[in-house]
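Commentary on secondary and tertiary structure
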Amino acid sequence: MRGYVIKRLAQAAGVLWAAYTVAFLVLDYLPGDPVTAMAGAGMESGQVDPRQIAALRHEYGFDQPVLTQYTQYLGRAVRGDFGDSVATGRPVTSTLADALPQTLQLTASALLLAVVLGGGLAVAATYTTRRWLRQFLLSLPPLGVSVPTFWVGLLLVESFSFRLRWFPAFGNDGPRALVLPALTLAVPTGAQIAQVLAKSLFTALDQAYVETARAKGAGRWRVHLRHALRNASLPALTVVGLLVGQLIAGSVVVETVFSRDGLGRVTAAAVTAQDIPVVQGVVAFGALIFVTTNLVVDLVYPLLDPRIVVAAGGRASAV
Amino acid sequence: MRALPPARSPRWTTLAALVTTGALLTACGSGTDDTGSGKPRSGGTLTFAVGSDAGCVDPQQVGSNDTIYSVRQVVDSLTDQDPRTGKIVPWLARSWDISADTTAFTFHLRSGVTFSDGSPLTAQVVKDNFDAVPKLGVLGTLAEGYLSGVRSTTVVDPLTVKVTFRQPNAQFLQATSTHSLGIESSASVKRSPQQKCSDGVVGSGPFVLKQYVQNQSITLARRKGYAWGSSRWAKKGEAYLDRLVFKVVPEAGVRAGSLRSGQVDAIGSVGRADEAALKGGPVTLQRRANPGIVFGLGFNNARPVLKDARVRRAIRSAVDRKQIADTVFPTGTRPATSVLAHTTPDYTDLGTDLAFDPARAKSLLDTAGWKAGGDGVRTKDGKRLSLTIDWVPNAATNQPALELIQQQLKAVGVQVTLKQLQLPQLTPIQQSGQYDAIWGNITRADPDILRSSFSTKLANFYRVPAGGLDTTLAAQAATTDPAERGRLVERAQRSIVRDAYNVPVVELQTQLGLSTKVHSLAFDASSRIQLHDTWIG
Amino acid sequence: MSGSLVEDPAGTALAPARPADPVPAPPPGRRVDLRRVLRFLVRRPGLLLSAGVLVLVVLASFRPGLFTSQDPLQGVPAQNFRGPSGAHWFGTDELGRDVFSRVVHGAQLSLKATLIAVLVAFVVGGLLGVVAGFVGRWVDDVLMRCVDVLLSIPALFLSLALVTALGYGTVKVAVAVGIASVASFARVARAEVLRVRQALFVEASRSCGARWYAVLGRHVLPNAAGPVIVLATLDFGSSILAVSALSFLGYGAPPPAPEWGTLISEGRNYLANAWWLTALPGLAIAATVLSTNRVARALDGEWSRQR
């Protein structure tokens, strides 16, 4: 087990390093001249004269060979320093750190809602014996993954803020302002959870141990929840990493729709202003979240499901 | 504290007066103004949703109305301007003397004024400010323009300061009433322009900056012990409100909906579309036409295509100003009839020059050699007649207005591409000259704004060729005779409109939406707001 | 990226002896039984409806004139903010332009972007997967690690980074969305190539001394293509969503181009007085994505089970 943990940690670090490299290649290497882009966009540049561009180029190390730039950047990134925002002049790390709590609040509530709604839907759909109800419930998740989130958000604002006046239409003030954004963000995620869970629940209900439990006289509800759901939710756990990444990225759209402060709005503003250091920090952060969640899931997984044997190859596989 | 008339809110009095006198500077309110909520009350928070953030909280550098609303409250000015009469009245300066040739201005400061860091206001502080402002350069073009040609600022005694100019400078007194020349503490003045932008400044104003989150919010708190308000204000001493929170909500529709549902107390830039949505709600609309340079296309007159005055004039004639004003802008907005808004002193009606005349536009383009092409876009020597208009999303009215202009110009064979910039990108672009035309306006209650914008001696963002216009603009700034100044300003307007250095389109009419529980939120002379007298109840 | 996590390409790879017979691309020479297709469709009215919607959307993007004669760019300003009616099915916008006409003409831009996105993902991802699967050894290792890395960056963040680097515009947004889903294509393509490569007939033709490119071209590619094409249809729906999200955020074509996402983001300014400006274009997007997903699902599973 210890060897497995170490191996997984090393793998996670490797993926993070590579993700940072991708961000570096895309953002610093792909544009013909990031400095001109920045000088045109940033307010600090004021006077865009050649000397200033040269100074900026020097400041950001663009006058060095690509490899030197890369090692310098990587060296700083490892210490958590992603440079300064071009637009505001503040360090990228603290810009992101300030915005993060709001976004974590949003994504955590959305994840909770998604699990409750999506899970509830899957359980209800597999439990019911009414054909029409099952059909109806099962038709919801495909709908959920097909509607644009920004559209859902706007419809919610229109009806629940402007018409019914139950919840605020924008901002970060208190838990009431969190309801509509979290619901919006939860729709596609909840739909995906429902799809995965319903599928594995149907599979689980056909398994032998369910038959055994039934034969032993366990009630239908008990079989459903205690036996089938427990086994069926394990596969759903493997996609949590993917879902959390999606939720964090989804905050870009949702926070824009609801004019909420947070990482997503910082990201959107940075892309608009071509604030390369900030975008780089965001990409690296997204990868960090994904890798960490997967690491945690992989480490917890064997504890939950005794059937899993940790393969020497590293990743525990269940599906 | 001055007693208020018990049954009438001060704003109602102001409004009534404005509606009846509104010859020079007009304003009007619509909707129902609930005035019966009794006496002004101290305390409370005003939440104000604005559409944009200039990315800077230094009043001396900011030129965008949405941000001026908040940063104005942090600083006091030497003087104040009465929005009704245009008269300059005392504020930080008790009184002033102006030399006969308007080259020397002596201000006698009030005593006992302190900045929020505890330091006192002295003549030296004013000198530090006026010495530093010209060094802001492109970052503070407005403030820099007001002080252009300054020879020196001298400390006469601790409370007397004298500003002398190399040439007569008639506009300077009005300039001291603007936010751009708001007085900051010596400590703030010493900081770099970038630091002042991101961290804010220490002022002596009725509110103090508490927090600035770029693109999101600006929070101000009441200044304790404030006792040196403008002589125009009704309340003496501290402001009524405890806190002001300005939130950036880019979508006009969301702002309007949130005002209706009571999530915010006031919103900025209410367009025509929102009027219908706000009607019937517990909301008052408050309007005032901004003086200064009207919304229009500021050409880069050095661009090869736009160097040809015939092309510029053709574009001027191809714009249907009335259609734009009536479709997009708030009720009561006037199509431009000059480069200056009708509320600016010495405005001249040049409506006939700005008439919509597509036939004339077409013939001008024909004579300039731009022949109608197959796809509707004119060409000359294989080049298409196409220009890019840069714009910033600081008002919901910008994009639809520009899309209409795009359609109108297409009808005469000019292809227009719209390019959206972010607010902080604007100045660098103007500076670099990498643009064809920029959509915008500048608010100022003095015609000298023409010199700031079009004189080749100053920033000359529009690359206007040097010539007779310079002389006229310099002369109007120098003259002390009001009638003579009026004639010169008229000549300058004619020259700019005739040569179409700029295509005036529509006047800016600021329209705020206020919850009916907000009282005494009044416009200043530049149609921005002063919130010292404002209360909630 | 893909909106559906249910599809399980690895699972298909587990069935080693499944005859390499991809469903959506029937080899020439085999006739699809028309009667059976009809019966299949009639039993599934939802699928029939979805196919109908898709046909309409595709038609709209090629011949918008069939659906509306109104100009999407030029309206009557005096008739702005009219609600939906017989004359204007989706109402009119702030400049009096017909919103239905804008949605119809917008289909062209949005579908073009989606097509480019799927094509980029299909070609680049497919190529990576085929090379990895066919060459094997260290090449496989290296390429698949790269794919893992791409998967670790949330798709929208990757797209946004690319937009920052490339700039704005319909095509650039499309490329950014396409690259963000390269990884899943590479995975599926590799799995399929591995499966087919081990199939008996490939082994046989190899042992007969056929050249590698002949094996690849004649046996491996045609037989591995099926699931990748199914993935492409699935990816279509999520690409429409991703492209419209980016144009909603303002990175698409400049005004007055009526991209679907842009229509909604412009309508947002008038949320308080004109609901139809956001609600109806959004409905068009949702209907299109729903239909694509439904058809993709049918291609993926139901039709093959039916046979």
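Given the structure is predicted, the values throughout are model-derived calculations rather than measurements.

This part is about the overall build of chain C. Looking only at helices and strands, chain C has 12 helices and zero strands in total. Along chain C, from the amino end to the carboxyl end, the secondary structure elements read α-α-α-α-α-α-α-α-α-α-α-α. Classification of the 307 residues of chain C by burial places 51% in the buried group. Counting contacts in chain C only where the partners sit at least 6 residues apart, residues at least 24 apart contribute 72% of the total.

Before going further, it helps to examine the overall build of chain B. When you go through chain B residue by residue, the secondary structure sums to 18 helices and 25 strands. Taking 537 residues into account, the globule formula puts the C-alpha radius of gyration at 24 Å, and chain B, at 23 Å, falls close to it. Oriented by its inertia axes, the alpha-carbon framework of chain B measures out at about 70 × 55 × 40 Å. For chain B, the residues scored as buried account for 59% of the 537 residues in total.

Turning to the interface of chain A and chain C, a few remarks are in order. In this assembly, 47 residues from chain A lie in contact with 39 residues from chain C. Counting residues per element, the ones that place at least two in the side of chain A that touches chain C are helix H1 (2–29), helix H6 (131–146), helix H7 (149–163), helix H8 (176–205), helix H11 (240–257), helix H12 (263–272) and helix H13 (276–304) of chain A. A total of eight residues in the side of chain A that touches chain C trace back to one element, the largest contributor, which is H13 of chain A. A breakdown of the residues in the side of chain A that touches chain C according to their chemical character gives 35 nonpolar, 10 polar and two charged.

Here we take up the packing of helix H4 (residues 99–135) of chain C against helix H10 (residues 212–248) of chain C. Residue and element names in this part refer to chain C. Remark: H4 packs on H10, axes separated minimally by 8 Å, with the N-to-C direction vectors making an angle of 140 degrees. H10 is crossed by H4, and the crossing has right-handed handedness. In contact with Ser110, Ala113, Thr114, Ala117, Val118, Ala121, Phe122, Gly126 and Phe134 of H4, H10 contributes Leu216, Val220, Val228, Ala232, Asp235, Phe236, Ser239, Ile240, Val243 and Ser244. Here the residues of the contact of H4 with H10 sort into 13 nonpolar, five polar and one charged.

This paragraph deals with the domain arrangement of chain B. All names here are of chain B. In terms of domains, chain B is made up of domain 1 (20–289 + 510–536) and domain 2 (292–507). Just the C-alpha atoms count here: the centres of domain 1 and domain 2 sit 28 Å apart. Across the contact, 39 residues belong to domain 1 and 32 residues belong to domain 2. The set of elements that each furnish at least two residues to the side of domain 1 that touches domain 2 consists of helix H2 (65–71), helix H4 (141–146), helix H9 (272–278) and strand E13 (283–289). Here the side of domain 1 that touches domain 2 takes three residues from H4, the largest share from any one element.

The next thing to look at is the sheet that holds strand E20 (residues 502–506) of chain B. All names here are of chain B. What the five strands build is an open sheet, ordered E18-E17-E19-E14-E20; its pairing is mixed. Two strands lie at the open edges of the sheet, namely strand E18 (415–420) and E20, each paired on one side alone. Each strand axis lies, on average, 30 degrees off the axis of its neighbour in the sheet, ignoring direction. As paired elements, strand E14 (residues 292–299) and strand E19 (residues 437–443) share six bridges and run antiparallel to each other. If you follow glycine 298 over to E19, its bridge partner there is isoleucine 438. The strands touched by helix H14 (residues 398–411) within the sheet are strand E17 (386–391), E18, E19 and E20, with E18 carrying the most contacts at an inclination of about 165 degrees.

Here the focus is the interface of chain B and chain C. The interface of chain B with chain C comprises 22 residues on the first partner and 15 residues on the second. Breaking the side of chain B that touches chain C down by element, the ones donating at least two residues are helix H8 (252–260), H9, helix H12 (321–328), H14 and E18 of chain B. In terms of residue count, H14 of chain B provides more of the side of chain B that touches chain C than any other element does, six residues in total. Of the residues contributing to the side of chain B that touches chain C, the split by class is 10 nonpolar, eight polar and four charged.

Right, let's talk about the pairing of strand E7 (residues 150–157) of chain B for a bit. Residues and elements named next belong to chain B. One ladder, built from six bridges, connects E7 with strand E8 (residues 160–165); its direction is antiparallel. Along E8, the bridge assignment pairs aspartate 157 with threonine 160. Adjacent in sequence and paired antiparallel, E7 and E8 are bridged by two residues.

Before going further, it helps to examine the environment of glycine 252 of chain C. Along the polypeptide, glycine 252 of chain C turns up in the loop between H10 and helix H11 (260–267). The contacts of glycine 252 of chain C, once residues within four sequence positions are left out, are Thr170, Val173, Leu246, Ser247, Glu259, Gly261 and Thr262 of chain C.

Okay, the packing of helix H5 (residues 92–127) of chain A against H8 of chain A next. Direction vectors running N to C along H5 of chain A and H8 of chain A enclose 35 degrees, while the axes themselves pass 5 Å from each other. The handedness of the crossing between H5 of chain A and H8 of chain A is right-handed.

What follows is about the confidence of the model for chain C. Residues and elements named next belong to chain C. When pLDDT is averaged along chain C, the result is 81, and 85% of the positions lie at 70 or above. Every residue in residues 1–30 is under pLDDT 50, and counting partners more than four places away or in other chains gives 56 contacts. Both scores are given for the predicted complex: the pTM is 0.82, the ipTM 0.85.

This part takes up unusual backbone geometry. In this model, proline 255 of chain C is joined to proline 256 of chain C through a cis peptide bond whose omega is 10 degrees. Positive phi outside glycine occurs at asparagine 215 of chain B, with the angle close to 65 degrees. Looking at the element boundaries, asparagine 215 of chain B is found in the loop between strand E9 (207–213) and strand E10 (217–222). The phi dihedral of arginine 463 of chain B falls on the positive side, at around 50 degrees, and the residue is not glycine. Following the sequence through the fold, arginine 463 of chain B ends up in the loop between helix H16 (449–454) and helix H17 (468–478). Judged by local crowding, arginine 463 of chain B falls into the partly exposed class, with 17 C-beta atoms found within 10 Å.

Residue and element names in this part refer to chain B. One open sheet accounts for four strands, arranged E5-E6-E8-E7; its pairing is antiparallel. Two strands in the sheet have a free side with no partner beyond their single neighbour: strand E5 (93–98) and E7. Neighbour to neighbour, the strand axes of the sheet diverge by 20 degrees on average, direction disregarded. As defined by bridge partners, strand E6 (residues 104–109) adjoins E8 across five bridges and the pair is classed as antiparallel. Opposite phenylalanine 107, over in E8, you have valine 161 as the bridge partner. Its contacts with the sheet place helix H3 (residues 123–132) against E6, E7 and E8, and it is angled at close to 170 degrees to E7.

Once that is clear, we can look at the nonpolar core. Ranked by internal contacts, the top residues of the largest apolar core, which has 324 residues, are Val279 of chain A, Phe48 and Val294 of chain B together with Ala161 of chain C. Here the element with the most residues in this core is H4 of chain C; it accounts for 18 residues. Of the domains in this structure, domain 1 (20–289 + 510–536) and domain 2 (292–507) of chain B are the two that each give at least three residues to this core.

A separate point is the environment of leucine 151 of chain C. In this fold, leucine 151 of chain C is placed in helix H5 (residues 137–152). With 24 C-beta atoms counted inside 10 Å, the residue leucine 151 of chain C sits in the buried group.

All names here are of chain B. Within H3, seven of the 10 residues are buried, leaving the element largely enclosed by the surrounding structure. Restricting attention to buried positions, one finds in H3 the residues Ala123, Val125, Val126, Asp128, Asn129, Phe130 and Ala132. Check the buried side of H3 and you find it contacts E6, E7, E8 and helix H6 (186–189).

All names here are of chain B. For chain B, per-residue confidence averages 87 on the pLDDT scale, and residues scoring 70 or more make up 93% of the total. Least confident of the elements in chain B is helix H1 (residues 10–21), whose mean pLDDT is 32; most confident is E6, at 96. Contacts for the low-pLDDT stretch residues 1–36, under 50 throughout, to residues beyond four places or in other chains number 55 contacts.

Here the focus is the pairing of E13 of chain B. Residue and element names in this part refer to chain B. Counting buried positions over the seven residues of E13 gives seven, a clear majority of the element. Burial of E13 is two-sided: the residues Val283, Leu285, Arg287 and Ala289 facing one way and the residues Thr284, Gln286 and Arg288 facing the other way are all buried. Examined bridge by bridge, E13 and strand E21 (residues 509–515) share seven bridges and lie antiparallel to one another. Directly across from alanine 289, in E21, lies its bridge partner glutamine 509.

How each quantity is defined
Residues numbered from 1 in each chain as written. Chains lettered and ligands numbered in written order. Predicted model: local features only at pLDDT ≥ 70, side-chain atom pairs only at ≥ 80, totals over all residues. Helix = DSSP H or I, 4+ residues; strand = E, 2+ residues; numbered from the N terminus. Buried ≥ 20, exposed ≤ 12 C-beta atoms within 10 Å, placed from the backbone. Contact = placed C-beta atoms within 7 Å. Rg over C-alpha atoms; globule rule 2.2 N^0.38 Å. Nonpolar A, V, L, I, M, F, W, Y, C, P; charged D, E, K, R; others polar. Axes fitted to C-alpha atoms, helices over the stretch in contact; angles between N-to-C directions. Left-handed = near helix turned anticlockwise from the far one by under 90°. Domains from an automatic or database assignment. Pairing = 2+ DSSP bridges. pLDDT = per-residue confidence, 0-100. Core = buried A, V, L, I, M, F, W, Y, C linked by C-beta atoms within 7 Å.

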